[in-house]
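Overview (structure and organization)
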Amino acid sequence: MRVVEQHVRAAVHAFFTPEWSFLVAGRVSARGRREFRRRLTGTVALKDGSASDVGRLAESDVRDVLIRLGAPHTCVLIKDGLVSDEIADLDSALHRTFLATEGALISCIPGRLCLLQCDGGRTRLLLWAGAASESPFPGKE
């Protein structure tokens, strides 16, 4: 699962606050990977300017935004409740995330484009490299 770990490391480095680096280091064990997934369900501290709230968008609208920003049709899904992290079809990963209240990180482009669901499923955030300088929603600033 080398690809999965590359996605996780890149996402944490780009978007999450430094304390998450310790959780990434712990992912060498199954217990560490479970703990990382479990922590996604709570409040997740992010770097300033790295996120756009997509909590009010429908699943299909979030998919459209991700595709417009360059998401491929496959992604990495890190989700509390999974036995292991996986490479998944984007549509499937989004659907399973939207149906659940667990925390989830869908990494589309390592360190450049992700969707984070946290706070018991109440918060959905688009994490992308351009978040600080431009809107992911054309015509809406």
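Presented here is an overview of the structure given in this document. (Residues numbered from 1 in each chain as written. Predicted model: local features only at pLDDT ≥ 70, side-chain atom pairs only at ≥ 80, totals over all residues. Heavy atoms only, no water.)

Tracing the chain through its elements places T97 in helix α5 (residues 90-99). Residue T97 is classed as buried on the basis of its relative accessible area of 1%. For T97, the side chain forms a polar contact with the main-chain oxygen of A93, separated by 2.8 Å. The contact partners of T97, leaving out residues within four places of it in the chain, are L77, K79, A104, I106 and Q117. (Helix = DSSP H or I, 4+ residues; strand = E, 2+ residues; numbered from the N terminus. Buried < 20%, exposed > 50% of the residue type's maximum accessible area, 1.4 Å probe, protein only. Polar contact = N/O pair within 3.5 Å; in protein donor to acceptor, adjacent residues only side chain to side chain. Contact = heavy atoms within 4.5 Å.)

Before going further, it helps to spend a moment on α5. Every α-helical turn comprises 3.6 residues, leaving residues that sit three or four positions apart pointing alike. Burial in α5 covers these residues: L90, A93, L94, T97 and F98. For α5, the angular spread of the buried residues around the axis is 125 degrees, confining them to a single face. The elements touched by buried residues of α5 are α4 (59-68), β2 (74-79), β3 (86-89), β4 (104-109), β5 (113-118) and β6 (123-128). Regarding α5, its N-cap is D89, as a side-chain oxygen of that residue lies 3.1 Å from the backbone nitrogen of D91 further along. (Arc of directions from axis to C-beta.)

Grouped together as the largest cluster of nonpolar side chains are 21 residues, with contacts concentrated most on F16, W20, F36, L40, L105, L116 and L127. At the level of elements, α1 (2-15), α2 (20-25), α3 (30-40), β2, β5 and β6 are the ones that each hand at least two residues to this core. Looking at this core element by element, the count peaks at 5 residues for α1. When neighbours within four sequence positions are excluded, F16 is seen to be in contact with A11, L40, V44, A45, L46, K47, L105, L116 and L127. Core analysis: the next-biggest nonpolar cluster, separate from the first, contains 19 residues, A93, L94, C108 and W128 among them. (Core = buried A, V, L, I, M, F, W, Y, C linked by side-chain atoms within 4.5 Å.)

Look at α4 against α5: their axes get within 10 Å of each other, and the N-to-C directions meet at 140 degrees. Considered as vectors, α4 and α5 are oriented oblique to each other. Considering how the two elements wind past one another, α4 and α5 form a crossing that is right-handed. Note on element contacts: α5 touches α4 through L90, D91, L94, H95 and F98, opposite E59, V62, R63, L66 and I67. (Axes fitted to C-alpha atoms, helices over the stretch in contact; angles between N-to-C directions. Parallel < 35°, antiparallel > 145°, perpendicular 65-115°, else oblique. Left-handed = near helix turned anticlockwise from the far one by under 90°.)

A full pass over the atoms with the stated rule returns 2 aromatic pairs. Here W20 and F36 contribute two aromatic rings whose centre-to-centre distance is 5.4 Å and whose plane-to-plane angle is 85 degrees, an arrangement assigned as edge-to-face. Here the residue W20 occupies a position in helix α2, and F36 occupies one in helix α3, the gap between them amounting to 16 residues. Put simply, the rings of F16, W20 and F36 touch in pairs and so form one group of aromatic residues. Positioned above the aromatic ring of F98 is the side chain of R124, whose terminal nitrogen or guanidinium carbon lies 3.7 Å from the ring centre. (Phe/Tyr/Trp six-rings, centres within 6.5 Å; stacked < 30°, edge-to-face > 60°. Lys NZ or Arg CZ within 6 Å of the ring centre and 35° of its normal.)

In short, the description is geometric, and any link to function would need to be established separately.
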